[in-house]
Amino acid sequence: MRQRRRRSAAFLDRDGVLNHDDGHVGSRERFRWIDGSKATIKSLNDAGFFVFMITNQSGVARGFYTESDVLDLHAEIATELAECGAHLDDIRYCPFHPEAVVPAYRRISNWRKPAPGMIQDLLDRWPIDRATSFLIGDQQTDCEAGMAAGIPSHLFRGGDLSDFVAVLLASAGFANQQYRGTTLSSANVVASAAR
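Given the structure is predicted, the values throughout are model-derived calculations rather than measurements.

So, how was this worked out
Sequence order as written defines the numbering, with residues in each chain counted from 1. Given that the model is predicted, a residue must reach a pLDDT of at least 70 before its local features are reported, and side-chain atom pairs must reach 80 or more before they are shown or counted; all residues, however, enter totals for whole chains, interfaces and linings. Side-chain metrics in this entry use all non-hydrogen atoms of the structure; hydrogen atoms and water are not considered. Runs of E in the DSSP output that reach at least two residues are strands. Runs of H or I that reach at least four are helices, and both are numbered from the N terminus. The rule is simple: take the accessible area with a 1.4 Å probe, protein chains only, and divide by the maximum for that residue type; under 20% is buried, over 50% is exposed, in between is partly exposed. Two strands are said to pair when DSSP picks up at least two bridges between them. The axes used here are C-alpha line fits, helices contributing only the stretch in contact, and every angle between their N-to-C directions lies in the interval 0 to 180 degrees. We call two residues in contact whenever any of their non-hydrogen atoms come within 4.5 Å of each other. By the convention adopted, Pro, Cys, Tyr, Trp, Phe, Met, Ile, Leu, Val and Ala count as nonpolar, Lys, Arg, Asp and Glu as charged, and the other residues, Gly among them, as polar. To define a nonpolar core, start from buried Ala, Val, Leu, Ile, Met, Phe, Trp, Tyr and Cys residues and group those joined through side-chain atoms within 4.5 Å. In this analysis, the expected span of each helix is defined as 1.5 Å times one less than the number of residues it contains. Our arc is simply the arc of the directions from the helix axis toward the C-beta atoms.

> Can you break down the environment of Gln-140 residue by residue, with the values?
Note on placement: Gln-140 falls in helix H5 (residues 140–148). With relative accessibility at 47%, the residue Gln-140 sits in the partly exposed group. Linking Gln-140 and Leu-155, residues 15 residues apart in sequence, is a C-alpha distance of 7.1 Å.

> Explain the sheet that holds strand E2 (residues 50–56) to me, and be specific about the residues and the numbers.
Pairing is parallel across the open sheet formed by five strands, whose spatial order is E3-E2-E1-E4-E5. In this open sheet, the two strands that pair with only one neighbour each are strand E3 (90–94) and strand E5 (153–155). Taking each pair of neighbouring strands and ignoring which way they run, the sheet shows an average axis angle of 20°. Two elements, strand E4 (residues 134–137) and E5, share three bridges in a ladder whose sense is parallel. Counterpart to Leu-135 in the pairing with E5 is Ser-153. Sheet strands touched by helix H1 (residues 37–46): strand E1 (9–13), E2 and E4. Its angle to E2, the strand with the most contacts, is close to 140°.

> Requested: an account of the packing of H1 against helix H6 (residues 161–171), with residues and values cited.
The geometry of H1 relative to H6 is characterised by a closest axis approach of 7 Å and an angle of 40° between their N-to-C directions. Across the interface between the two elements, Ser-37, Thr-40 and Leu-44 of H1 pack against Leu-161, Ser-162, Val-165 and Leu-169 of H6. Within the contact of H1 with H6, the residues separate by chemical class into four nonpolar, three polar and no charged.

> Tell me about the nonpolar core, residues and numbers included.
With 26 residues, the main nonpolar core has Ile-41, Leu-44, Phe-134, Ile-136 and Leu-161 as its most contacted residues. Every element with two or more residues in this core is listed here: E1, H1, E2, helix H3 (67–83), E4 and H6. With four residues, H6 is the single largest residue contributor to this core. One finds Val-60, Tyr-65, Met-118 and Ala-145 within the second-largest nonpolar core, a separate group that totals 23 residues.

> Report on H3, specifying residues and quantitative values.
Note on helix geometry: an α-helix contains 3.6 residues per turn, so any two residues three or four positions apart are oriented the same way. Taking 1.5 Å per residue as the helical rise, H3 with its 17 residues ought to reach 24 Å, and the 25 Å between its terminal C-alpha atoms agrees with that figure. For H3, every residue scored as buried is listed here: Val-70, Leu-73, His-74, Ile-77, Glu-80 and Leu-81. Burial along H3 is one-sided: seen end-on, the buried residues are contained in an arc of 120°. With respect to the buried face of H3, the exposed residues turned more than 90 degrees away are Ala-82 and Glu-83.

Below is the structure:
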């Protein structure tokens, strides 16, 4: 069987990168998109990247919401992305925590960041070019997980995610790649970041 062509991938944390981290977000009512996050996913899709969402969801282990709630929220996220022509290629979440109040979720898991299990599972299942991929997280533990999996990782401190990713791609050598409908160059990335 012929090997599928490897592609670049963007591994995106959820809370704090795609949506505001308001603490254990387990429903659509509490989910608020970060500025530029839907546009970022659409632009990465259009540029040929795989786009993956990876998220610790200890709210399940802590009894704040259920895995069913997580799946429902992720389905609503997928619907909203589809409305703007965007999609996530795959999602991984970890409901476990070593200090869980729900006994079924009380354990150490290699999927819980900073462990790289979620990322490694995606690397095993998709034809990903690790060298041209990246991870964006809002916590050091996100970046530690990416680095443990051999994926360059970047800390997002807020603002417009689309501008952050434009600068990141240009600085990482994707200067001839289409992003946000424009061929990246240092000139348009600097202008974009200044907005």
